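Coordinate inspection notes
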Amino acid sequence: VDPNLAYPSYGLNAGLMQYEAMHKGYGLPVVAGRNYTVTGTWRGDVAVEFSDHIVTEVLGTSLERLNLAVINGTDCELKSDDARDYLSPLGTSGQAETVQLEEKLNCMIKGERLS
């Protein structure tokens, strides 16, 4: 699919993940229950989260799942009820500094070490 770079898509229709400064992260629309493969050059580790329990409650749906395969060998099953207590509307905003994310996250993409 060719990316539609116009508002409001900004290329998301073709899988272009663009950095969102307000949330200090990336976002991409997905369909629950599907399988996705991601490739990229990751600078540092990447925390991955999918949907949230509030959305499932509001929509009256059950637990949602998504399978993610990352080219570097990371495979994850993400669930709508995975822990998100390290996030805020503004990204991690320091909340993750005292949290061992590896113990909290269901999916962590190991990236290149930052120098």
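Attention in this report is confined to the structure presented alongside it. These numbers were taken from a predicted model, which means no experiment stands behind them. (Residues numbered from 1 in each chain as written. Predicted model: local features only at pLDDT ≥ 70, side-chain atom pairs only at ≥ 80, totals over all residues. Heavy atoms only, no water.)

**What to know about the overall build of the chain**
Operational definition: Labels follow the DSSP assignment, with helices taken as runs of H or I lasting at least four residues and strands as runs of E lasting at least two, numbered in each case from the N terminus. Each residue is placed in one exposure class: buried if its accessible area under a 1.4 Å probe, protein chains only, is under 20% of its type's maximum, exposed if it is over 50%, and partly exposed if it falls in between. We call two residues contacting when some pair of their heavy atoms lies within 4.5 Å. Surface accessibility follows the Shrake-Rupley procedure with a 1.4 Å probe radius. Residue values consider only the protein chains on display as shielding.
Along the chain, the regular secondary structure elements total two helices and seven strands. Along the chain, from the amino end to the carboxyl end, the secondary structure elements read β-β-β-β-α-β-β-α-β. In the chain, which comprises 115 residues, the proportion classed as buried is 25%. Within the chain, counting contacts between residues at least 6 apart in sequence, those at least 24 apart form 55% of the total. When the accessible surface of the chain is split by element, carbon and sulfur atoms take 53% of a total near 8000 Å².

**A look at the side chain of Ser-9**
For the record, the criterion: Within 3.5 Å is the distance limit for a polar contact, defined as a pair of N or O atoms, with the added protein rule that one can donate a hydrogen and the other accept it, and that residues adjacent in sequence qualify only through two side-chain atoms.
Note that Ser-9 resides in the segment before strand S1 (19-20). Reaching out from Ser-9, the side chain makes a polar contact with the backbone oxygen of Asn-4 at a distance of 3.2 Å.

**Some thoughts on the pairing of strand S5 (residues 65-70)**
Short version of the rule: Note: two strands are recorded as paired if DSSP finds a minimum of 2 bridges between them.
Side chains of S5 alternate between two faces, with Leu-66, Leu-68 and Val-70 buried and Arg-65, Asn-67 and Ala-69 left unburied. Alignment of strand S3 (residues 35-38) against S5, held across four bridges, turns out to be parallel. Within S5, the residue paired with Val-38 across the bridge is Val-70. By the bridge criterion, five bridges tie S5 to strand S6 (residues 75-79) in an arrangement that is antiparallel. Note that in S6 the partner of Asn-67 across the bridge is Glu-77.

**Structural notes on the packing of aromatic side chains**
Definition in use: Side-chain rings of Phe, Tyr and Trp, where Trp is taken by its six-membered ring, are said to pair if the distance between their centres is within 6.5 Å; with planes under 30 degrees apart they count as stacked, over 60 as edge-to-face, and otherwise as tilted.
This structure, assessed with the given rule, holds one aromatic pair. On the basis of an interplanar angle of 70° and a centroid distance of 5.9 Å, the ring pair of Tyr-7 and Tyr-10 is categorised as edge-to-face. Residue Tyr-7 is classed as exposed on the basis of its relative accessible area, which comes to 65%.

**Things to note about the pattern of salt bridges**
Put simply, the test is: One speaks of a salt bridge when a side-chain nitrogen belonging to Lys or Arg is within 4 Å of a carboxyl oxygen belonging to Asp or Glu.
Counted by the stated rule, this structure contains two salt bridges. A salt bridge links Arg-65 to Glu-77, with the nearest nitrogen and oxygen atoms 3.3 Å apart. Here the residue Arg-65 occupies a position in strand S5, and Glu-77 occupies one in strand S6, the gap between them amounting to 12 residues.

**Brief notes about the nonpolar core**
Burial of nonpolar side chains together is a common tendency in soluble globular proteins. Selection rule: In this description, a nonpolar core means a group of buried Ala, Val, Leu, Ile, Met, Phe, Trp, Tyr and Cys residues linked to one another through side-chain atoms lying within 4.5 Å.
If you look at the biggest cluster of nonpolar residues, it comprises 11 residues: Val-38, Trp-42, Val-48, Phe-50, Leu-66, Leu-68, Val-70, Cys-76, Leu-78, Cys-107 and Ile-109. Of all the elements in the fold, those that place two or more residues in this core are S5 and S6. No other element matches S5, which puts three residues into this core. Sequence-distant contacts of Cys-107, that is, excluding residues within four places in its chain, are made with Val-46, Ala-47, Val-48, Leu-68, Thr-74, Cys-76 and Leu-78.

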